[in-house]
Amino acid sequence: MRAIIKWLSAAVVALCVACGSSAAAAYEQTHSAKQIVSDASKSTGSATSFHLAVAVTTQNGQANADFDVAGTNVNGKVTYQGTLVRIMHVDGRTFVYGADLAQFLATSNAQAAAIVRAKAIDKWVLMPEEFWSSTGISELTDMRKMADCLQAASGLKKKGTSTVSGKRAVEVDDQLTSQIYVDTASPHYLLRVALSGTDTCVTGSAVSNETLDLSKLGQKLDIAVPAGYVDAQTLATG
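As the structure is a computational prediction, the values presented were derived from the model and not from experiment.

Engineer: Which residues make up the pairing of strand β10 (residues 190-196), and what values go with them?
Structural biologist: Regular strands place side chains that alternate from one sheet face to the opposite one. Counted residue by residue, β10 has six buried out of seven residues, so it is predominantly covered. Bridge analysis of strand β9 (residues 179-183) against β10 gives four bridges, and the strand direction is antiparallel. Across the sheet, residue Q179 finds its bridge partner in β10, namely A194. Hairpin connection, β9 to β10: the antiparallel pair is bridged by six residues, and H188 has positive phi, about 60 degrees.

Shown next, in the form of structure tokens:
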């Protein structure tokens, strides 16, 4: 009987200890704002594939973009002032969808727009080599550069948690009130970045607000040269 009483006493003590112990502290509780942004910057900056949705407010109006990015290859679309442009950049070559290219050219070069409508309205058009650098898309999709910039931000403060794209995120604000949302689950990718126009991390001098939403980080995204494309130079020469 004495042995049973001793065993019961030990069991009660163990149970009380278990009841009194707290669950493991959450990621956002055990890490400082600077550590959280550092983790997100490192993991996101090293991701070679992702989907990026961008909403930008400029003095000329709203612009939106959606891109799949795999290494240096990009596939997506840009919408600005009612104009849609579907664009691909694959293995150093840039393609614009014919119908969109014709619409884009309509106000600046009616003759070129008519040629595209007649010969490539439903085809992808291979653009001149220098076209890609003029779009600014490579800078917009450079998450390593963005991640490095965010990591250098000052005045970082944690602002609680919320749900972003179905994931639990911790919000960190900088001294310019820009908001950084980081996945609380490892590897703690950036989920959303909302930048004010005064923030040094915005991707254009005319930008007053910029929001970037990231998803599909690290997933395999196949971006291939479009089939049946035509060369812009061939169209120009007839």
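Engineer: How would you explain the pairing of strand β8 (residues 167-173) if you had to name every residue and give the values?
Structural biologist: Counting buried positions along β8 gives five out of seven residues, so the element sits mostly inside the fold. By the bridge criterion, six bridges tie strand β7 (residues 157-164) to β8 in an arrangement that is antiparallel. Bridging across to β8, S162 finds its partner in A169. Connecting β7 to the next strand, β8, in antiparallel fashion are two residues, including S165 with a positive phi near 55 degrees. Two strands pair when backbone bridges link them, and β8 and β9 are joined in this way by five bridges, in the antiparallel orientation.

Engineer: Mind laying out the packing of aromatic side chains, listing which residues take part and the relevant values?
Structural biologist: For the structure shown, the criterion picks out two aromatic pairs. With a centroid separation of 5.0 Å and an interplanar angle of 65 degrees, the aromatic rings of F95 and Y229 are classed as edge-to-face. In this pair, F95 sits in strand β5 (residues 93-97) while Y229 sits in the loop between β11 (207-215) and β12 (230-231), placing the two residues 134 residues apart along the sequence. Residue F95 is classed as buried on the basis of its relative accessible area of 0%. Since its relative accessible area comes to 31%, Y229 is described here as partly exposed.

Engineer: How would you summarise unusual backbone geometry if you had to cite specific residues and measurements?
Structural biologist: In this chain, S186 is followed by P187 through a cis amide linkage whose omega measures 10 degrees. Here P187 is to be found in the loop between β9 and β10. Even without glycine at this site, Q81 takes up a positive phi of about 50 degrees. The residue Q81 is located in the loop between β3 (73-80) and β4 (83-90) in this model.

Criteria and thresholds
Residues numbered from 1 in each chain as written. Predicted model: local features only at pLDDT ≥ 70, side-chain atom pairs only at ≥ 80, totals over all residues. Heavy atoms only, no water. Buried < 20%, exposed > 50% of the residue type's maximum accessible area, 1.4 Å probe, protein only. Helix = DSSP H or I, 4+ residues; strand = E, 2+ residues; numbered from the N terminus. Pairing = 2+ DSSP bridges. Phe/Tyr/Trp six-rings, centres within 6.5 Å; stacked < 30°, edge-to-face > 60°.

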